[in-house]
Amino acid sequence: MSTTLVNLRVKCRTAYLKIDPNAKVRDDNMLDFYLNEWKRQVQNDAFFDLPENQDETTISLIWGTQEYDLPTNFRKMESVTMDGRQLKLSNKSKCMWSNEWIPSEYYLFGNKIGLYPIPNISKDIDLVYSKELNEMDLVIGTELPVDYDDLIVLYATYLMLMSVEKIDKANMVRNQYNNKRDTLFQRFYDDENLTFNLER
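Residues numbered from 1 in each chain as written. Predicted model: local features only at pLDDT ≥ 70, side-chain atom pairs only at ≥ 80, totals over all residues. Heavy atoms only, no water.

**Q** I'm lost on the nonpolar core in this one. Help?
**A** Soluble globular proteins tend to pack their nonpolar side chains together in the buried interior. The biggest cluster of nonpolar side chains holds 29 residues, and the ones touching the most others in it are L35, W38, L50, Y148 and I152. Looking at this core, the elements that each hand over two or more residues are α1 (5-17), α2 (28-45), α3 (149-163) and α4 (167-188). Broken down by element, the residue count for this core peaks at ten residues, all from α3. Beyond its immediate chain neighbours, meaning those up to four positions away, W38 contacts L144, Y148, L151, I152, Y155 and Y177. (Core = buried A, V, L, I, M, F, W, Y, C linked by side-chain atoms within 4.5 Å. Buried < 20%, exposed > 50% of the residue type's maximum accessible area, 1.4 Å probe, protein only. Helix = DSSP H or I, 4+ residues; strand = E, 2+ residues; numbered from the N terminus. Contact = heavy atoms within 4.5 Å.)

What follows is the structure, given as structure tokens:
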């Protein structure tokens, strides 16, 4: 179960920040911004490969229509299949003309997925893709396991300290963040080549 934004605020101000506990320098709106910055950062660090990023959808083909809208939160395609057969990734410039009518390839262009050849059949294609998680607000929580809570709070604290030029304290918090992050990702990932980087 994910943690609420309100609970993260409290934890950040009481357990880690220990400056501005009454929100006199930075209000909750600013703290919320910093908390959400971590949520964006960790997804980028993990190349949107966190289990919570994974999603799927189905698109119904329309005769003579080549391009279809991608989901609004789309970030990365994992697979495109039709009748259990995987379509090959191509690009738009290679997918312009064909005498065939059953799609065998797809391309991504802007916020669209295009099929090649252009379909003349009424079928569905199944997409497995990585999505970006929603921004946290008073309704939407972290959408991540509670294991991530300390990381979220530490990263927000780091940004908050940097914003008031408390560089030494910020670096100390960043080191805490790095250690906890590395430990957590070692538990969640088997790929030793997968690395995560903290933006400086």
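That was the structure; now back to the text.
**Q** For this particular structure, what's the right way to read α4?
**A** Side chains that are three or four residues apart share a direction in an α-helix, a result of its 3.6 residues per turn. Relative to the 32 Å expected for 22 residues at 1.5 Å per residue, α4 spans 31 Å between its end C-alpha atoms, a close match to the ideal helical length. A170, V173, R174, Y177, N178, R181, L184 and F185 are the residues of α4 that are buried. Each buried residue of α4 lies within a common arc of 155 degrees when the element is viewed along its axis, so the set occupies one face. Away from its buried face by more than 90 degrees, α4 exposes D168, M172, N179, Q186 and R187. (Expected span 1.5 Å × (residues − 1). Arc of directions from axis to C-beta.)

**Q** Any chance you could explain the pairing of strand β8 (residues 124-131) here in plain terms?
**A** Regular strands show a simple pattern: their side chains alternate between the two faces of the sheet. Bridge analysis of strand β1 (residues 54-60) against β8 gives seven bridges, and the strand direction is antiparallel. By the bridge assignment for β8, E56 is matched with V128. Here strand β3 (residues 74-82) runs beside β8; their pairing, made up of six bridges, is antiparallel. Of the residues in β8, the one forming a bridge with K76 is S130. (Pairing = 2+ DSSP bridges.)

**Q** What should I look at first to understand the packing of α3 against α4 in this one?
**A** Working note: a packed helix pair is described by the angle between its axes plus the distance between those axes. Following both chains from N to C, one finds α3 and α4 inclined at 160 degrees, their axes separated by 9 Å at the closest point. Compared by their axis directions, α3 and α4 come out roughly antiparallel. Regarding α3 and α4, the two cross each other, and that crossing is left-handed. Every residue of α4 that contacts α3 at D150, L151, L154, Y155, T157, Y158, L161 and M162 is listed here: I167, K169, A170, V173, R174, Q176, Y177, K180, R181 and L184. (Axes fitted to C-alpha atoms, helices over the stretch in contact; angles between N-to-C directions. Parallel < 35°, antiparallel > 145°, perpendicular 65-115°, else oblique. Left-handed = near helix turned anticlockwise from the far one by under 90°.)

**Q** I tried to follow the side chain of E132 on my own but got confused; where do I start?
**A** By secondary structure assignment, the location of E132 is in the loop between β8 and α3. At 2.5 Å, the side chain of E132 forms a polar contact with the side chain of R75. Non-local contacts of E132, meaning those with residues more than four positions away in its chain, are made with R40, Q43, F48, N53, N73 and R75. (Polar contact = N/O pair within 3.5 Å; in protein donor to acceptor, adjacent residues only side chain to side chain.)

**Q** I tried to follow a nonpolar patch on the surface on my own but got confused; where do I start?
**A** On the surface, V6, V10, L138 and V139 cluster together into a nonpolar patch covering about 410 Å² of accessible area. Position of V139 relative to the elements: it lies in the loop between β8 and α3. (Patch = residues over 30% accessible without salt bridge, like charges linked within 9 Å, V, L, I, M, F, W, Y side chains within 5 Å. Areas by Shrake-Rupley, 256 points an atom, 1.4 Å probe, with all protein chains shown as cover. Salt bridge = Lys/Arg side-chain N within 4 Å of Asp/Glu carboxyl O.)

**Q** Sorry, what's going on with α3 here?
**A** Counted at 1.5 Å a residue, the expected span for α3 with its 15 residues is 21 Å, and the 21 Å between its end C-alpha atoms agrees. With its phi angle positive at about 60 degrees, E165 sits one or two positions after the end of α3.

**Q** What exactly am I supposed to notice about the environment of L127 here?
**A** Along the chain, L127 falls in strand β8. On the accessibility criterion, L127 (1% relative accessible area) is buried. Spatially, the C-alpha atoms of L127 and V80 are 4.8 Å apart, while their sequence positions differ by 47 residues. Not counting residues up to four positions away in its chain, the partners in contact with L127 are D55, E56, T57, I59, L70, M77, S79, V80 and I113.

**Q** In this structure, what is going on with the pattern of salt bridges? I would like to understand it.
**A** Following the criterion strictly, the structure yields 16 salt bridges and no others. Of the charged contacts, one joins D150 and K11 as a salt bridge, the two residues approaching to 2.7 Å between their closest N and O atoms. Of this pair, D150 sits in helix α3 while K11 sits in helix α1, and the two are 139 residues apart along the sequence. With a relative accessible area of 22%, D150 lands in the partly exposed category. Given the relative accessible area of 29%, K11 is considered partly exposed. One salt bridge connects K92 with E67, and the closest N-O pair in it is separated by 3.0 Å. Taken together, the positions of K92 in the loop between β5 (88-89) and β6 (105-109) and E67 in strand β2 (residues 67-69) put the pair 25 residues apart, joining distant regions of the chain. For E67, a relative accessible area of 26% translates into the label partly exposed. Each of the salt bridges in this network shares a partner with another, and the network as a whole consists of R9, R13, D28 and D32.

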